[in-house]
Amino acid sequence: MLPANFLWGASLSAHQTEGAATEDGKSQSVQDVRQRNPKIADFSVAADHYHRYAEDINLLAKAGIKALRISIPWTRIIPDGLGAVNPLAIKHYHHVFNEMHNQGIEPMVTTYHFDLPQVLQEQGGWIKQSTVTAYEKYVKVLFKEFGSEVKYWLTINEPNVMLLADRKILGFSYTHQERYQAFYNLMIAEKKAFQACHQLCPQAQIGPVPNISYVYPGSAKPQDIRAAEYFNAIRNWAYLDFSVRGIINPIFQNYLHQTGIDLKIKAEDEELVQQNFPDFLGMNYYTSVTVEYPKAGQNRTSGVSDQQSEDVYEKGFYKGLTNPYLSKNDFNWTVDPLGLQTTLEVVNDRYHLPIYITENGLGAYDELTADYQVHDDYRINYLSAHLQSIQQAVDAGVPVQGYLPWSAIDLVSVHEGMKKRYGLIYVDRTEQDLKTLARYPKDSYFWYQQVIKNNGVNK
Ligand code: BGP
């Protein structure tokens, strides 16, 4: 049984939905300038949510949605990354929150979703301490301006995916040294956000939002078990241990040591790290991950597009592989609903905090029929199986308090553009043709409406 006040929601990010890429003083983010396959939609119009937010919120309210996760782009609030606050952007988000509240929807706001101001990237981005200082200033503006309107804050979307898959997501690569310098800075930035949020908006709650996927060993071979332990630490626990326990995860530390990195919490950061903790965990989940110890001469699995699980490799430590017991979606991502229950139980065992699932969904090719319907039974099956898994976890004592699937409306996928759709609501555009941009609820929207009404899938 899910709790009576379970937060039924849906999720979006700004750069994938808003468009209006140069409007109202917005500057470019790393997402606006990254090299994209020319066949893939860019973010300049995206789903035009910047102009159509009221219509979208209205439709979502009709589905009974109680919370909408959005992100605010730093590039709108402080266009030069560090200096003056842009009043047009502040006004815009007051309107957005006002609309949500009028429709009975609680905003859940991510301060940063992959879209670093390009101007800061050019100065070194997350490998520079100055970016941490700039981020602290930026989030303080958010907390001061919107603190009375937003009860749920999320810090930095998926720093783990951002660092492990940087080239694909950010268009550049870190060296090993830089990656873990960026890791440290991101973790410190997050701690500063916890601190500032608790100081400036004591009524609100804040949590991290990593992508957490439990890592399975490919076999019972002890070396494969160790490979899974390493990758669990590198991909999952390093981030949550820093946030929740204020420590560098010891297995992660061992891995860093072996690869020539000596990562320590700096003396001047000790107090910040040990005194500022999250109120809850946000968690994005799409798939589990299976790894083995890489055999001699082996490297990345070639031709695999699944960056969330299989396309992972580090010599001497781990190599992703296809789990023969699991099916895949149209875009080669492994589907594992039971893995969500396992992941939730392990996360609960480690951290004992309320959990909100802040992303979970199926990217698929959808077809709009001549009478404007989308029969996405495959998405209903995916969401339903994952929700049942959540219900099992809740029955087993895991405090899951909300479900905000990805995504509320169709948006531009980070890796695949517009053809890979996630929404409960169809947006009428294709990769290159903006068409009408009209919204059409899919079958999954009506299914979700019923789920919300019943407070679960089983009734
Ligand atoms: C998560 C991101 C989202 C979203 C999702 C699906 O990692 O937080 O922004 O994009 O993955 O990924 P993709 O769009 O590549 O299918």
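Residues numbered from 1 in each chain as written. Predicted model: local features only at pLDDT ≥ 70, side-chain atom pairs only at ≥ 80, totals over all residues.

**Observations concerning the overall build of the chain**
Phase 1: A tally of helices and strands in the chain yields 16 helices and 16 strands.
Phase 2: Rg of the C-alpha trace for the chain: 21 Å, near the compact-globule value of 23 Å for 459 residues, within the 12% margin.
Phase 3: In terms of principal-axis extent, the alpha carbons of the chain reach across some 55 × 50 × 45 Å.
Phase 4: Here the contacts in the chain between residues at least 6 apart in sequence split such that 76% fall between residues at least 24 apart. (Helix = DSSP H or I, 4+ residues; strand = E, 2+ residues; numbered from the N terminus. Rg over C-alpha atoms; globule rule 2.2 N^0.38 Å. Contact = placed C-beta atoms within 7 Å.)

**Some points on the packing of helix 14 (residues 337–351) against helix 15 (residues 377–395)**
Phase 1: At a closest axis distance of 8 Å, the pairing of helix 14 and helix 15 adopts a crossing angle of 30 degrees. It follows that helix 14 is roughly parallel to helix 15 by the angle criterion. In the crossing of helix 14 with helix 15, the sense of the turn from one axis to the other is right-handed. Facing helix 14, whose interface residues are P337, L338, L340, Q341, L344 and E345, helix 15 presents A385, H386, S389, I390, Q392 and A393.
Phase 2: Residues of the contact of helix 14 with helix 15, tallied by class, amount to seven nonpolar, four polar and one charged. (Axes fitted to C-alpha atoms, helices over the stretch in contact; angles between N-to-C directions. Parallel < 35°, antiparallel > 145°, perpendicular 65-115°, else oblique. Left-handed = near helix turned anticlockwise from the far one by under 90°. Nonpolar A, V, L, I, M, F, W, Y, C, P; charged D, E, K, R; others polar.)

**Quick notes on the sheet that holds strand 3 (residues 106–112)**
Backbone hydrogen bonds hold the strands of a sheet together, and the pairing may be parallel or antiparallel.
Phase 1: Read from one edge of the open sheet, eight strands run 5-4-3-2-1-14-13-7, paired in parallel fashion. With partners counted over all chains shown, the strands left at the sheet margins are strand 5 (205–209) and strand 7 (281–284), one partner each. The average angle at which neighbouring strand axes cross in this sheet is 30 degrees, direction not considered.
Phase 2: As paired strands, strand 7 and strand 13 (residues 355–359) are joined by four bridges and run parallel to one another. Paired with N284 across the bridge in strand 13 is E359.
Phase 3: Packed on one face of the sheet, helix 10 (residues 176–200) meets strand 3, strand 4 (152–157) and strand 5 and runs near 165 degrees to strand 4. (Pairing = 2+ DSSP bridges.)

**Here we look at helix 15**
Phase 1: In a regular helix each residue adds 1.5 Å, so 19 residues correspond to 27 Å; helix 15 covers 26 Å between its end C-alpha atoms and thus fits that length.
Phase 2: Inspection of helix 15 places R379, I380, Y382, L383, H386, L387, S389, I390, A393 and V394 among the buried residues, and these make up the whole buried set.
Phase 3: Looking at the buried side of helix 15, the elements it contacts are strand 12 (334–335), helix 14, strand 13, strand 14 (400–403) and helix 16 (443–454).
Phase 4: Of the residues trailing helix 15, G397 is marked for its positive phi of about 100 degrees. (Expected span 1.5 Å × (residues − 1). Buried ≥ 20, exposed ≤ 12 C-beta atoms within 10 Å, placed from the backbone.)

**Regarding the sheet that holds strand 10 (residues 318–320)**
Phase 1: Spatial ordering of the open sheet is given by 6-8-10-9, a layout of four strands whose pairing is mixed. Every other strand in the sheet has two partners, leaving strand 6 (215–217) and strand 9 (313–314) as the edge strands with one partner each.
Phase 2: In the sheet, strand 6 pairs with strand 8 (residues 289–292) via three bridges, with the strands oriented parallel. Considered in strand 8, the bridge of P217 is made with V291.
Phase 3: Set on the sheet, helix 11 (residues 222–245) makes contact with strand 6, strand 8 and strand 10; between it and strand 6 the angle comes to about 170 degrees.

**Here we look at the site of the ligand**
Phase 1: Within the structure, the ligand sits among 15 residues, and S13, G363, S413, V414 and H415 are positioned closest to it.
Phase 2: For the shell around the ligand, a count of residues per class yields three nonpolar, eight polar and four charged. (Near = placed C-beta within 6 Å.)

**Thoughts on the UniProt feature "active site" (unreviewed entry) in the chain**
Phase 1: Listed under "active site" (unreviewed entry) in the UniProt record, and renumbered for this structure, are E359.
Phase 2: Here E359 is in contact with S11, N284 and W406, once residues within four sequence places are set aside. (UniProt positions renumbered as here; feature names shortened; annotations may be inferred.)

**Section: the confidence of the model for the chain**
Phase 1: Model confidence for the chain is summarised by a mean pLDDT of 95, while 97% of its residues fall at 70 or above.
Phase 2: The complex model carries a pTM of 0.97, and its ipTM stands at 0.98. (pLDDT = per-residue confidence, 0-100.)

**Structural notes on the nonpolar core**
Phase 1: Grouped together as the largest cluster of nonpolar side chains are 132 residues, with contacts concentrated most on L60, L68, F231, V291, I355 and I357.
Phase 2: Considering every element that reaches this core, the biggest residue donor is helix 10, with twelve residues.
Phase 3: The contact partners of L68, leaving out residues within four places of it in the chain, are G9, A10, I57, L60, M100, I105, P107, M108 and A408. (Core = buried A, V, L, I, M, F, W, Y, C linked by C-beta atoms within 7 Å.)

**A closer look at the packing of helix 15 against helix 16**
Phase 1: Helix 16 packs onto helix 15 with a crossing angle of 30 degrees between their chain directions and a minimal axis gap of 8 Å. By the angle between their directions, the pair helix 15 and helix 16 is classed as roughly parallel. In the crossing of helix 15 with helix 16, the sense of the turn from one axis to the other is right-handed. Here D377, R379, I380, L383 and L387 of helix 15 come into contact with helix 16, specifically with D443, S444, W447 and V451.

**A closer look at the pairing of strand 3**
Phase 1: Taken across its seven residues, strand 3 has six buried, putting it largely inside the fold.
Phase 2: The sheet contact formed by strand 2 (residues 67–71) and strand 3 spans five bridges and is parallel. Residue I70 lies in a different strand from strand 3, and its bridge partner there is V109.
Phase 3: Sheet topology places strand 3 next to strand 4; four bridges connect them, and they run parallel. Note on strand 4: the bridge partner recorded for Y112 is I156.

**Here we look at unusual backbone geometry**
Note: most residues except glycine have negative phi, and most peptide bonds are trans.
Phase 1: A cis amide bond links W406 with the next residue in sequence, S407, at an omega value of 10 degrees.
Phase 2: Relative to the helices and strands, S407 is located in the loop between strand 14 and strand 15 (425–427).
Phase 3: Here D24, not a glycine, exhibits a phi torsion of approximately 50 degrees, which is positive.
Phase 4: Classification of D24 as partly exposed rests on a count of 14 C-beta atoms within 10 Å.

**Here's the deal with the pairing of strand 13**
Phase 1: The buried count for strand 13 comes to five of five residues, which makes it a mostly enclosed element.
Phase 2: Bridge analysis of strand 13 against strand 14 gives three bridges, and the strand direction is parallel. If you follow Y356 over to strand 14, its bridge partner there is G402.
Phase 3: With helix 15 bridging strand 13 and the parallel strand 14, this β-α-β connection has right-handed handedness. (Right-handed = clockwise from strand over helix to strand, strands pointing away.)

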